[in-house]
Amino acid sequence: KYHFLFFPSLYNYTGPDQELYDGWPQVMKPFEYIGSKALTRDLARYLNVTYSNYNIRANCIIPHLVTTQETNVPDKLKHRACSKRGSTSLEIAEVVDFVLRSPENLMGQEIKIDGGWSLK
């Protein structure tokens, strides 16, 4: 059994909010970034459709605003999420653990861990 986990960007779903990020688009090029991350979603679909009969499955985990106690996150980023905070690395790990322990028929899922960011 093989299980691939991909981590595409939340921006494949919501698009980057230019007002929240100082320096965009000068520092990063959202088009290229989003395009390359979107390929991970397509690869997960391809693996499931083509190789599921070989006990290979793939899912996507989509975190956003992963923080630590030392992370200084601007309030405008935290307040964009419904939870008003970022996710911790432990929360991300718990979702990874859940997906890896899930039934073999769980495939092709895209699980957002964004505190409600994509709801707004």
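Rules of the game
Residues numbered from 1 in each chain as written. Predicted model: local features only at pLDDT ≥ 70, side-chain atom pairs only at ≥ 80, totals over all residues. Heavy atoms only, no water. Buried < 20%, exposed > 50% of the residue type's maximum accessible area, 1.4 Å probe, protein only. Helix = DSSP H or I, 4+ residues; strand = E, 2+ residues; numbered from the N terminus. Pairing = 2+ DSSP bridges.

Novice: Sorry if this is basic, but what is going on with the pairing of strand S2 (residues 56-63) here?
Specialist: The side chains of a regular strand alternate between both faces of the sheet. For S2, a buried count of seven out of eight residues is recorded, marking the element as mostly surrounded by other parts of the structure. Sheet topology places strand S1 (residues 2-6) next to S2; five bridges connect them, and they run parallel. Within the sheet, the bridge partner assigned to Leu5 lies in S2 and is Asn59. Inspection of the sheet shows S2 paired to strand S5 (residues 110-113) by four bridges, in the parallel sense. When the sheet's bridge partners are listed, Cys60 is paired in S5 with Glu110.

Novice: Whenever I open this one, the environment of Leu106 confuses me. Can you help?
Specialist: Note that Leu106 resides in the loop between helix H4 (89-101) and S5. Accessibility expressed as a relative area gives 22% for Leu106, which makes it partly exposed. Measuring from C-alpha to C-alpha, the distance between Leu106 and Arg57 comes to 8.1 Å, with 49 residues separating the pair along the chain.

Novice: How should I be thinking about unusual backbone geometry in this particular structure?
Specialist: Most peptide bonds take the trans configuration, and most residues that are not glycine carry a negative phi. For Asn55, which is not a glycine, the phi torsion comes out positive at approximately 60°. Relative to the helices and strands, Asn55 is located in the loop between helix H2 (30-51) and S2. For Lys84, which is not glycine, the phi torsion reads 65° and is therefore positive. Here Lys84 is to be found in the loop between helix H3 (75-78) and strand S4 (87-88). Under the relative-accessibility criterion, Lys84 is labelled partly exposed at 39%.

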